[in-house]
Amino acid sequence: MSGATGDLILGWDVGGAHLKRAVLAPDGTLLSVEMAACPLWQGLDKLDAAMAALSPAAGRSVVTMTGELTDLWPDRAAGVAGLSQALAERLGADTLIYAGRAGFVPAADAPAHAADVASANWHATAAALARLCGDGVLVDIGSTTTDIIKFAGIQISFAGYSDAERMETGELVYSGAARTPVMALTATLPFRGRQVPLMAEYFATTADIHRLTGDLPEGADLHPAADGGEKTREASARRLLRMVGRDLGPCTLAEAEALAAFAAEVQLHRLHGALAQVLSTGGVAVEAPLIGAGVGRFLVRRLAARAGRPYRDAGDMLAGNPALAAAAADCAPAVAVARLVIN
């Protein structure tokens with residue numbers, strides 16, 4: 001990587017809902033990791049606000065993105081072009097964009113590599129971990145989606161590359177730890193002796209589920225709740241009970257917690273099915289660990305137990321600093337893309 005010897009390296013993961021940044025010294029020492037809410041579909045001013053929310057840092061930027069997918073643009077190619085230009089204007093003309101299997105490209109050249117650039121953050125994380133781990137299965141559960149990628153002998157293995165292909169192969173599951181609407185998990189939930197059809201309304205999310213089970217990590221839920229209300233156990237119970245046409249008061253907190261526990265199992269079952277689909281293609285040793293990343297990696301620990309595989313935390317491998325390991329796992333693509341450009 002060119003640049004002055006003392007230049008810091010800023011690794012960015014520019015998503016449609018969150019902005020993540022890792023700052024590395026030229027020797028690869030991880031100095032900081034930060035994340036901010038970034039509802040990019042509302043406009044590029046949200047990107048500016050998210051950048052302003054991060055601590056000041058100057059250096060050479062390398063970027064991976066999924067924000068091109070938002071409906072701020074008419075299609076992914078336009079999104080790659082528009083977002084790459086916006087980032088070059090904000091981060092510098094020497095900004096590099098990660099194009100997955102095509103490597104790094106200057107921001108000005110990103111539109112010519114749109115199919116490789118679009119939503120390639122999973123590729124960055126898997127490629128960086130493969131160099132560190134050798135054999136494993138990355139399971140990155142973020143606020144919105146889950147990525148499942150195998151790697152062996154420092155080579156990553158994937159059956160699909162685009163979002164469409166990856167959803168078909170089980171390597172991309174639109175189910176996350178915070179932003180997924182409860183109505184997307186299942187058609188019914190058991191309540192008071194009946195399987196109750198869920199209201200097809202955006203009343204509650206998986207953040208409410210995992211808050212009620214006690215598993216939602218601090219800082220995992222940065223966006224407003226479905227009703228714009230509080231993020232307390234009682235508020236989550238009220239939102240979740242509304243999905244089955246009930247209210248807190250006539251119904252109890254314990255009943256809401258039971259709903260949440262079952263809904264969490266439904267989500268885990270779906271993720272287990274996707275994992276089994278990916279593993280069924282072979283190519284990775286049966287003793288290869290699941291490597292958990294993302295704010296929802298508490299679910300990866302459970303998947304590892306169900307699959308009979310060891311669990312390893314991505315942060316322990318990516319950070320090189322125990323104090324930053326949790327943040328590095330939460331923001332794995334940002335750390336990974338910076339490490340890839342160094343190595």
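Residues numbered from 1 in each chain as written. Predicted model: local features only at pLDDT ≥ 70, side-chain atom pairs only at ≥ 80, totals over all residues. Heavy atoms only, no water.

Participant: In this structure, what is going on with the overall build of the chain? I would like to understand it.
Facilitator: The number of helices and strands found in the chain is twelve helices and 14 strands. Taken along the three principal axes of its C-alpha coordinates, the chain extends 65 × 45 × 40 Å. Buried positions account for 54% of the 343 residues belonging to the chain. Intrachain contacts of the chain at a sequence separation of at least 6 include 61% that bridge at least 24 residues. Accessible surface for the chain amounts to roughly 13,600 Å². Of this, 53% is attributable to carbon and sulfur atoms. Looking at charge distribution, the chain has the averaged site of its 28 positive side-chain charges lying 5 Å from that of its 36 negative ones. (Helix = DSSP H or I, 4+ residues; strand = E, 2+ residues; numbered from the N terminus. Buried < 20%, exposed > 50% of the residue type's maximum accessible area, 1.4 Å probe, protein only. Contact = heavy atoms within 4.5 Å. Areas by Shrake-Rupley, 256 points an atom, 1.4 Å probe, with all protein chains shown as cover. Lys, Arg positive; Asp, Glu negative; His and termini not counted. Charge placed at Lys NZ, Arg CZ, Asp CG, Glu CD.)

Participant: Help me understand helix α2 (residues 76–91) in this model?
Facilitator: Because an α-helix packs 3.6 residues into every turn, residues spaced three or four apart end up facing the same way. Over its 16 residues, α2 runs 21 Å from end to end, which matches the ideal 22 Å to within 8%, given 1.5 Å per residue. Taken together, the buried positions of α2 are Gly-79, Val-80, Leu-83, Ser-84, Ala-86, Leu-87, Ala-88 and Leu-91. Where α2 is buried, its residues touch β1 (9–14), α1 (44–53), β4 (60–65), β5 (96–98) and α3 (114–117). Its side-chain oxygen at 3.3 Å from the backbone nitrogen of Ala-77, Asp-75 defines the N-terminal cap of α2. Within two residues after α2, Gly-92 carries a phi angle of roughly 120°, on the positive side. (Expected span 1.5 Å × (residues − 1). Polar contact = N/O pair within 3.5 Å; in protein donor to acceptor, adjacent residues only side chain to side chain.)

Participant: I keep staring at empty space enclosed by the protein and nothing clicks. Help me out?
Facilitator: Leftover empty space is mapped by rolling, across the atoms, a probe with the size of a water molecule. For the structure on display, the rule yields one cavity of 30 Å³ or more. Volume-wise, the largest cavity comes out at about 40 Å³. Around the largest cavity sit His-18, Lys-20, Met-35, Gly-142, Ser-143, Ala-220, Val-295 and Asp-330, which together line it. Looking at the lining of the largest cavity, its residues break down into three nonpolar, three polar and two charged. (1 Å grid on protein atoms, 1.4 Å probe; cavity = no way out; pocket = protein on both sides within 12 Å on 5 of 7 lines; lining within 4 Å. Points joined across faces, edges and corners; volume = space filled by probe spheres on them. Nonpolar A, V, L, I, M, F, W, Y, C, P; charged D, E, K, R; others polar.)

Participant: Can you walk me through the confidence of the model for the chain in this structure?
Facilitator: Low pLDDT means the predicted coordinates in that region are not meant to be read closely. With 98% of its residues at a pLDDT of 70 or more, the chain shows a mean pLDDT of 96. Counting contacts from residues 1–5, a segment whose pLDDT is below 50, to residues more than four positions away or on other chains yields six contacts. (pLDDT = per-residue confidence, 0-100.)

Participant: What am I meant to see in the pattern of salt bridges here?
Facilitator: It is possible for side chains of opposite charge to pair when their charged atoms get near one another. Applying the stated criterion across every chain yields a total of 18 salt bridges. Arg-76 is paired through a salt bridge with Asp-163; the nearest N and O atoms lie 3.9 Å apart. Separated by 87 residues along the polypeptide, Arg-76 in helix α2 and Asp-163 in helix α5 (residues 163–169) bring together distant segments of the chain. When salt bridges that share partners are traced, they join Asp-208, Arg-211, Asp-221, Asp-227, Lys-231 and Arg-239 into one network. (Salt bridge = Lys/Arg side-chain N within 4 Å of Asp/Glu carboxyl O.)

Participant: What is the right way to read the packing of aromatic side chains from this model?
Facilitator: Each aromatic ring pair is characterised by the separation of its centres together with the angle its planes make. Here the structure, examined in full by the defined rule, presents four aromatic pairs. Ring geometry for Trp-122 against Tyr-161: centres 5.5 Å apart, planes inclined by 65°, an arrangement best described as edge-to-face. Here Trp-122, found in helix α4 (residues 121–133), pairs with Tyr-161, found in the loop between β9 (155–157) and α5; they are 39 residues apart in sequence, far enough to count as distant. For Trp-122, a relative accessible area of 1% puts it in the buried group. A relative accessible area of 3% means that Tyr-161 is categorised as buried. With a centroid separation of 5.9 Å and 55° between ring planes, the pair formed by Phe-158 and Tyr-161 is classed as tilted. One aromatic cluster in this structure is built from Trp-122, Phe-158 and Tyr-161. A cation sits over an aromatic face here: Arg-101 above Tyr-161, 3.8 Å from the ring centre. (Phe/Tyr/Trp six-rings, centres within 6.5 Å; stacked < 30°, edge-to-face > 60°. Lys NZ or Arg CZ within 6 Å of the ring centre and 35° of its normal.)

Participant: Just checking my understanding: could you explain the nonpolar core for this structure?
Facilitator: The nonpolar side chains of a soluble globular protein tend to be buried, and buried together. By size, the foremost hydrophobic cluster in this structure holds 40 residues, and its most contacted members are Leu-30, Leu-129 and Phe-151. Leaving out residues up to four positions away in the same chain, Leu-129 has contacts with Gly-134, Leu-138, Phe-151, Ile-291, Ala-314, Met-317 and Leu-318. Of all hydrophobic cores here, the second largest spans 28 residues; its members include Met-51, Val-63, Leu-87 and Leu-91. (Core = buried A, V, L, I, M, F, W, Y, C linked by side-chain atoms within 4.5 Å.)

Participant: Please explain a nonpolar patch on the surface as it appears in this structure.
Facilitator: A contiguous nonpolar patch, built from Leu-69, Met-167 and Tyr-174 and spanning about 260 Å² of accessible area, is present on the exposed surface. Tracing the backbone shows Met-167 in helix α5. (Patch = residues over 30% accessible without salt bridge, like charges linked within 9 Å, V, L, I, M, F, W, Y side chains within 5 Å.)

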